[in-house]
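For reference, the chains in residue letters:
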Amino acid sequence: MKAVFRASALVLVITLAACGSDPAPEPTEQIVVREPGADASEASDTTAPEPAGEATASLVAAGKSAFNTCIACHVLEKGGANRIGPNLYGIIGQAAGSADGFKYSDAMASSGITWTKEELDSYLANPAAKVPGTTMMAGAISDAGQREAIIAYIEDASAN
Amino acid sequence: MGKWTRRAFIGAGVAAGGALVVGIAVRPGNPIDRLSPLVAKGKGEQLINAWVKIDADNIVTAIVPHVEMGQGIFTSLAQMLADELDADWSKVRILEAPADDKYVSHDIVREFAAPNLEVPAILEPTASGSFLSLATVMTLQITGGSFSIRGTGQRAMRTAGAAAREMLVAAAAKEWNVRAAELRTENSMVLHDKSSKSATFASFATAAAEQSLPAKPKLKSPKDYKLMGKPIARTDIPEKTDGSAIFGIDADLPGMKYAAVKAPPVVGAAVETMDATTAKTMPGVLQILNMGDFVAVVADGYWQAEQALATIDTTYSKTDGDGLDQDALFARYAKMLDEAGDSDGDVEAEEGDVGEAFANAATKVEAEYKVPFLAHATMEPMNCTAWVREGKCDVWSGTQMPLMARKAAAETSGIDYDNVTYHNAYLGGGFGRRAEMDMIIMATRIAKATQYPVKMIWSREEDTMQDHYRPSATSRFQGGLDKDGKAVSWSNIHTHLFDPQEAPTVPYYNIANHKIRKIDVPTHLRFGPWRSVDHSQHGFFIESFVDEMAQAAGKDGYAFRRELLAGSPRHLKVLDTAAKMSGWDKPLPEGHGRGIAFVPSFGTIIAEVAEVDMTGKKPKVKKIFVAADPGFAVNPDGFAAQMESSIAYGLTATLFGEISVKDGAVQQSNFHDYPILRINEMPDVAVEIINGDHKRLGGAGEPGLPPLAPAVTNAIFAATGKRVRELPLSKVDFA
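All chains use their own residue numbering, which begins from 1 and follows the written sequence. In the order they appear in the text, chains get letters beginning with A and ligands get numbers beginning with 1. Under the rules for a predicted model, residues below a pLDDT of 70 receive no local features and side-chain atom pairs below 80 are neither given nor counted, while totals for whole chains, interfaces and linings still include all residues. The side-chain figures draw on all heavy atoms in the structure; neither hydrogens nor water molecules are used.

**Considering the overall build of chain B**
Piece 1. A tally of regular secondary structure across chain B gives 21 helices and 27 strands.
Piece 2. What you see for chain B is a C-alpha radius of gyration of 28 Å, in line with the 27 Å of a compact globule of 735 residues.
Piece 3. When the backbone C-alpha atoms are referred to their principal axes, chain B occupies close to 80 × 75 × 45 Å.
Piece 4. The rule is simple: take the accessible area with a 1.4 Å probe, protein chains only, and divide by the maximum for that residue type; under 20% is buried, over 50% is exposed, in between is partly exposed. When burial is assessed residue by residue, chain B has 62% of its 735 residues classed as buried.
Piece 5. Relative to all contacts within chain B whose residues are 6 or more apart in sequence, the contacts with residues 24 or more apart total 75%.
Piece 6. For accessible areas, the Shrake-Rupley method is used with a probe of radius 1.4 Å. Any residue's cover is judged against the shown protein chains and nothing else. Total accessible area computed for chain B in this model is approximately 26600 Å², and 52% of it derives from carbon and sulfur atoms. Per the convention used, a helix needs a DSSP run of H or I reaching at least four residues, while a strand needs a run of E reaching at least two, with both numbered from the N terminus. Note on method: radius of gyration uses C-alpha positions; expected globular size equals 2.2 Å times residues raised to 0.38. Residues are treated as being in contact if the distance between any of their heavy atoms lies within 4.5 Å.

Structure (structure tokens):
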């Protein structure tokens, strides 16, 4: 039987893809409304609807109860006293190791961290990995959602 | 064996978390030194060769270079390896090979695809050779072409298991100071009956890794199979049942944001303007991107991203595809087929002189068939998560081509290939759709722009409207019969050829004169492989026309095919089995009909008989009988499941699968207008497996599909006398 075939279409497609014939264009227009972690109320437009909608409220509520694992060591109120751990009021945006009158570990004091939400998230996920030598021996939260909630609660409580 | 050197890999080993190749003298040819840091990082684990590791608890892990998309391949490939190794199945684990070139470099494939094995160099000698060569599939880590078992399994997994077994035996022989021939293996143990000594594989793992790779490991003959040929339960079932299985869409990382995307409805158009006034003010929105060929909204949550995306007004550039409707497209096919006449177009197969044979034929039969575009409609929509930051890129998805995905991510992000990691998860359906790279490239582009991790998920609408479709196609036939009703000529011309190349051909049918041609018709929609690829349409075309010729010859469809297959006992056995299963000769109630179809594809020979009830307004497919010869079914239960799922997928297309274009855009968008077969529409399926040749295996994932549509439409003809020449059946008025 005489058979005339061209190269396999599938293989052809693959080879083309592998050659990278398709360069990856950058966006022709990029509107950055907000950086992640930045306060949602900073959204560029003044007509922005209330950002702390129902979803945020329930997140804060969840955070408040999850924060129970922290209260043995931390208070979260303006001018509140340090306990085993420092007062966490207004911690978001603050440099690590800056609560008045608290004796931090050298590791924390010299960490150079500024507590953005992301930084808080990774610290709470694994404090010892984030700041090797930290004296915070408990409080690691493995669940990402729970961390998000706690951070939302800290933010909310600090705004009052 | 020449001199070999003791290699020190302490540096690499420690860097990789204490990999256990440290201190082991690996013989040249065994790549485990390079691979251990990738796959054998655990404590007490020893890689024996590229595809087998054994840990201190005597757990054997089979490393498989294919992805799991519901086809059960992890289990079957592990079964093949474990059987040759004489491993205890309850202690076998499975690991997907990482998307790393080291894992699929040519030397590894060569090592385990030694040509001296008892399988032919070309897996399924068809008119054109194999669908894809083993080297291509394995070096590119492709899962497709119904290839994994007949290619990788038969030639690499079994060899790797047998080689590991021989290495363990050699190590034990040395340690016990006995001849290797006196040892046997069973349930992950090495036994020396004479001295009643026995020990676990694990106790020889390190010493085994120091043995040279056997050049020709001896494979078992079927009588010695312990796991192959058994309906072993799939290992991925429990996690898929309790919901713990991780799919690409489950990727989750700290700080991850979500992207919703929308591409121009007419493929090939550019996004000219984008008005995001409202979207900018919406909750959760972080970024709005005009990527040129699509718009993306990045937000804290997916719902927020989708809601904002819906408010964006866009204008698109004009394209040549803009005015095109489906009818015009079929008219374009017809015009080009007319122009090709009797001689133009690309000849795909030719024998004898069809022109003369047809001119002299006692009876002439002519017919034209049409099929629509088809979408894949995987249950898990297209998605990909990417994170591009200083000099590094990580990508998570479920793809049929992990290595290609890594390459695509590297090229797209502009980041050095070595610093790009691709993480593959289970695929929530593949069917060929996940052999494309568009989702990988799009997500990487978005993540490159944001510089933080983003999970892009396509809506069902995007998934339906921006697919790479099975082409719509037209096929024309002329067939000649002599005065005894014997087929003497077969000529066919059709639109498009994608893959496999032999799909339009009929080398298994005895027709002295045949000529098969194709023409390429430009369309703006993208084509992609769709379960069984070109066989999906050619199965329908060819087997409908065979039935029409049978009718013209005054013969029964089964009897006519028996004549065409005379002299091919293996083919005949499959056809006869399907007919017998269905009770072909037994009468059916009024308004019911039986149809038969026969399509060998992907190395597996299949005949199906459909039983259809035409007494209602719409066809009701009651039963499908499948007779299949895949050479040898490694996991008969898995094989039967692939037949059943091919029937569910194929019947979806036969009854209502249709993607059509209007003004250049795809008209269907979701399951309301692109329905999927429901459970009450699923026929009873009976599968009989014939193990016709254990040395040459066929595929399972695709070959069950091509005979389905023609078996159904031939049954409709038997019941009603109405010949269906265009799919889907929802377009046909049976009143």
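**Things to note about the pairing of strand β23 (residues 604-613) of chain B**
All names here are of chain B.
Piece 1. Here β23 lies mainly inside the structure; 10 of its 10 residues are buried.
Piece 2. Covered by surrounding structure in β23 are Thr 604, Ile 606, Glu 608, Ala 610 and Val 612 together with Ile 605, Ala 607, Val 609, Glu 611 and Asp 613, the residues of both alternating faces.
Piece 3. In short, DSSP must find at least two bridges between two strands for them to pair. Here 10 bridges tie strand β22 (residues 592-601) to β23, and the two strands are oriented antiparallel to one another. Bridge pairing links Ile 596 to Val 609 in β23.
Piece 4. The hairpin turn running from β22 into β23, its antiparallel successor, is 2 residues long, and Phe 602 in that turn takes a positive phi close to 50°.
Piece 5. In this antiparallel pair of consecutive strands, β23 and strand β24 (residues 620-629), the connection spans 6 residues.

**Regarding unusual backbone geometry**
Residue and element names in this part refer to chain B.
Piece 1. Of note, the amide linkage connecting Asp 499 to Pro 500 takes the cis form, showing an omega dihedral of -15°.
Piece 2. Each neighbour pair has its own omega, and for Leu 727 with Pro 728 the value is 0°, a cis peptide bond.
Piece 3. Structurally, Pro 728 can be placed in the segment after α21 (708-720).
Piece 4. Of note in this structure, Asn 58 is not a glycine but carries a positive phi near 65°.
Piece 5. Looking at the secondary structure, you find Asn 58 in the loop between β2 (52-54) and β3 (60-64).
Piece 6. Within the chain, Val 533 stands out as a residue other than glycine whose phi angle is a positive 50°.
Piece 7. Tracing the chain through its elements places Val 533 in the loop between β21 (513-519) and α17 (535-552).
Piece 8. Under the relative-accessibility criterion, Val 533 is labelled buried at 5%.

**Examining the sheet that holds strand β15 (residues 383-389) of chain B**
Strand pairing within a sheet occurs via backbone hydrogen bonds; the two strands may be parallel or antiparallel.
Piece 1. Read across the open sheet, the 8 strands follow the order β2(A)-β10(B)-β11(B)-β8(B)-β18(B)-β15(B)-β16(B)-β17(B); overall the sheet is mixed. Taken across any chain shown, the strands that pair with only one partner, and hence form the sheet edges, are β2 (29-32) of chain A together with β17 (420-424) of chain B. Between one strand and the next, the sheet's axes are offset by a mean angle of 20°, whatever the strand orientation.
Piece 2. Sitting on the sheet, helix α11 (residues 302-310) of chain B is in contact with β8 (257-262), β10 (285-290), β11 (295-299) and β18 (454-457) of chain B, with an inclination near 30° to β8(B).
Piece 3. Lines fitted to C-alpha atoms define the axes, with helix axes restricted to the stretch in contact, and inter-axis angles between N-to-C directions lie between 0 and 180 degrees. Of the strands in this sheet, β15, β16 (392-397) and β17 of chain B touch helix α14 (residues 402-413) of chain B, which is tilted by about 140° from β17(B).

**So, the confidence of the model for chain A**
Residues and elements named next belong to chain A.
Piece 1. The predictor reports its confidence for every residue as pLDDT, a score running from 0 up to 100. A residue-level look at chain A finds 73% of positions with pLDDT of 70 or above and a mean pLDDT of 76.
Piece 2. The model gives residues 1-22 a pLDDT under 50, and that stretch makes 49 contacts with residues more than four places away or in other chains.
Piece 3. In the model, residues 40-52 has pLDDT below 50 throughout and makes 12 contacts with residues more than four positions away in sequence or in other chains.

**Considerations on the sheet that holds strand β27 (residues 684-689) of chain B**
All names here are of chain B.
Piece 1. Sheet architecture is open: 4 strands sit in the order β22-β23-β24-β27, paired in mixed fashion. The open sheet has two edge strands, β22 and β27, and neither has a second partner. Taken over all neighbouring pairs, the strand axes of this sheet differ in orientation by 15° on average, direction set aside.
Piece 2. When β23 meets β24, the two strands line up antiparallel, connected through 9 bridges.

**Side note on the nonpolar core**
All names here are of chain B.
Piece 1. One finds Trp 490, Tyr 509, Phe 560, Phe 598 and Val 712 to be the most contacted residues of the largest nonpolar core, which totals 70 residues.
Piece 2. Top contributing element to this core by residue count: α17, with 7 residues.
Piece 3. Setting aside residues no more than four positions away along its own chain, Val 712 makes contact with Ala 610, Val 612, Val 621, Ile 624, Leu 651, Thr 654 and Leu 729.
Piece 4. Residues enter a nonpolar core if they are buried and are Ala, Val, Leu, Ile, Met, Phe, Trp, Tyr or Cys, with the set joined through side-chain atoms within 4.5 Å. Ranked by size, the runner-up nonpolar core spans 55 residues in total, among them Ala 40, Trp 51, Val 60 and Phe 74.

**A look at the side chain of B:Arg517**
Residue and element names in this part refer to chain B.
Piece 1. Considering the arrangement of structural elements, one finds Arg 517 in strand β21.
Piece 2. Charge assignment: positive for Lys and Arg, negative for Asp and Glu; neither His nor the chain ends contribute. Here a salt bridge means any side-chain nitrogen of Lys or Arg lying within 4 Å of a carboxyl oxygen belonging to Asp or Glu. At 5.1 Å, Asp 342 is the nearest oppositely charged side chain to Arg 517, a buried residue that forms no salt bridge.
Piece 3. Any pair of N or O atoms that falls within 3.5 Å is considered a polar contact. Within protein, one atom must be able to donate a hydrogen and the other to accept it, and sequence-neighbouring residues count only if both atoms are side-chain atoms. Only 3.1 Å separates the side chain of Arg 517 from the backbone oxygen of Gly 341, close enough to count as a polar contact.
Piece 4. Setting aside anything within four residues of it in sequence, one finds Arg 517 in contact with Ala 340, Gly 341, Asp 342, Ser 343, Asp 344, Asp 346, Val 347, Glu 348, Asn 492, Ile 493 and His 494.

**Section: helix α20 (residues 636-655) of chain B**
Piece 1. For a helix, the expected span equals 1.5 Å multiplied by the number of residues minus one. Taking 1.5 Å of rise per residue, the 20 residues of α20(B) would be expected to cover 28 Å, and the 28 Å separating its terminal C-alpha atoms lies within 8% of that figure.
Piece 2. Summarising burial for α20(B): 14 of the 20 residues are buried, a large majority.

**A few points about the environment of B:Ala375**
Residue and element names in this part refer to chain B.
Piece 1. Mapped onto the elements, Ala 375 comes out in the loop between β14 (363-371) and β15.
Piece 2. C-alpha of Ala 375 to C-alpha of Asp 467: the two residues are 92 residues apart in sequence and 6.2 Å apart in space.
Piece 3. In this structure, Ala 375 is in contact with Thr 464, Asp 467, Tyr 469, Trp 530, Tyr 649, Ile 659 and Tyr 674, ignoring residues within four places of it in sequence.

**Section: the side chain of B:Asp55**
Residue and element names in this part refer to chain B.
Piece 1. Looking at where Asp 55 falls in the secondary structure, it is placed in the loop between β2 and β3.
Piece 2. Arg 93 provides the closest opposite charge to the buried, unpaired Asp 55, separated from it by 7.6 Å.
Piece 3. In terms of polar contacts, Asp 55 uses its side chain to reach the backbone amide nitrogen of Asp 57, at 2.9 Å.

**Topic: the packing of helix α3 (residues 73-85) of chain B against helix α7 (residues 148-176) of chain B**
Residue and element names in this part refer to chain B.
Piece 1. For the pair α3 and α7, interaxial distance at closest approach is 7 Å and the crossing angle is 35°. Both α3 and α7 take part in a crossing whose hand is right-handed. On α7, the residues touching Ile 73, Ser 76, Leu 77, Met 80, Leu 81, Glu 84 and Leu 85 of α3 are Ser 148, Ile 149, Gly 153, Gln 154, Met 157, Arg 158, Ala 160, Gly 161, Ala 162, Ala 164, Arg 165 and Leu 168.
Piece 2. Tallied by class, the residues present in the contact of α3 with α7 amount to 11 nonpolar, 5 polar and 3 charged. Crossing chirality is assigned from the near helix's rotation relative to the far helix, an anticlockwise turn below a right angle marking it left-handed and a clockwise turn marking it right-handed. By the convention adopted, Pro, Cys, Tyr, Trp, Phe, Met, Ile, Leu, Val and Ala count as nonpolar, Lys, Arg, Asp and Glu as charged, and the other residues, Gly among them, as polar.

**Points about the environment of B:Ile440**
Residues and elements named next belong to chain B.
Piece 1. Residue placement: Ile 440 occurs in helix α15 (residues 438-450).
Piece 2. Judged by its relative accessible area of 0%, Ile 440 falls in the buried class.
Piece 3. Taking the C-alpha atoms as reference points, Ile 440 and Thr 412, separated by 28 residues in sequence, lie 9.0 Å from one another.
Piece 4. What Ile 440 contacts, discounting residues up to four positions off in sequence, is Cys 384, Val 395, Ser 397, Ala 405, Ala 408, Ala 409 and Tyr 422.

**Details of the packing of aromatic side chains**
Residue and element names in this part refer to chain B.
Piece 1. The pairing test for Phe, Tyr and Trp rings, Trp by its six-membered ring, is centres within 6.5 Å, and the orientation test on the planes gives stacked under 30 degrees, edge-to-face over 60, and tilted for anything in between. Inspection of every chain in the model, using the stated rule, returns 23 aromatic pairs over all chains.
Piece 2. Consider the rings of Phe 373 and Phe 527, whose centres lie 6.4 Å apart with planes at 45°: the pair is tilted. Placement of the pair is Phe 373 in the loop between β14 and β15 and Phe 527 in the loop between β21 and α17, with a sequence separation of 154 residues.
Piece 3. A centroid spacing of 5.8 Å and a plane angle of 70° characterise the contact between Tyr 508 and Phe 598, whose relative ring orientation is edge-to-face. Note that Tyr 508 is positioned in the loop between β20 (487-495) and β21 and Phe 598 in strand β22, a separation of 90 residues in sequence. When sorted by exposure, Tyr 508 lands in the same class as Phe 598, which is buried.

**As for helix α6 (residues 144-159) of chain A**
Piece 1. Taking 1.5 Å per residue, 16 residues should reach 22 Å; α6(A) reaches 23 Å between its end C-alpha atoms and fits that length.
Piece 2. Two or three places before A:Gly145, at the start of α6(A), stands the capping residue A:Asp143, its side-chain oxygen 2.9 Å from that residue's backbone nitrogen.

**Focus on the pattern of salt bridges**
Residue and element names in this part refer to chain B.
Piece 1. On inspection of all chains with the given rule, the structure shows 41 salt bridges over all chains.
Piece 2. A salt bridge links Arg 460 to Asp 463, with the nearest nitrogen and oxygen atoms 3.4 Å apart. Remark: Asp 463 and Arg 460 occur in helix α16 (residues 460-465); sequence separation between them is 3 residues, near one turn of the helix. The pair formed by Arg 460 and Asp 463 is uniform in burial state, with each residue classed as buried.
Piece 3. Several salt bridges share partner residues, and in doing so they unite Glu 543, Asp 547, Glu 548, Arg 561, Arg 723 and Arg 725 into one network.

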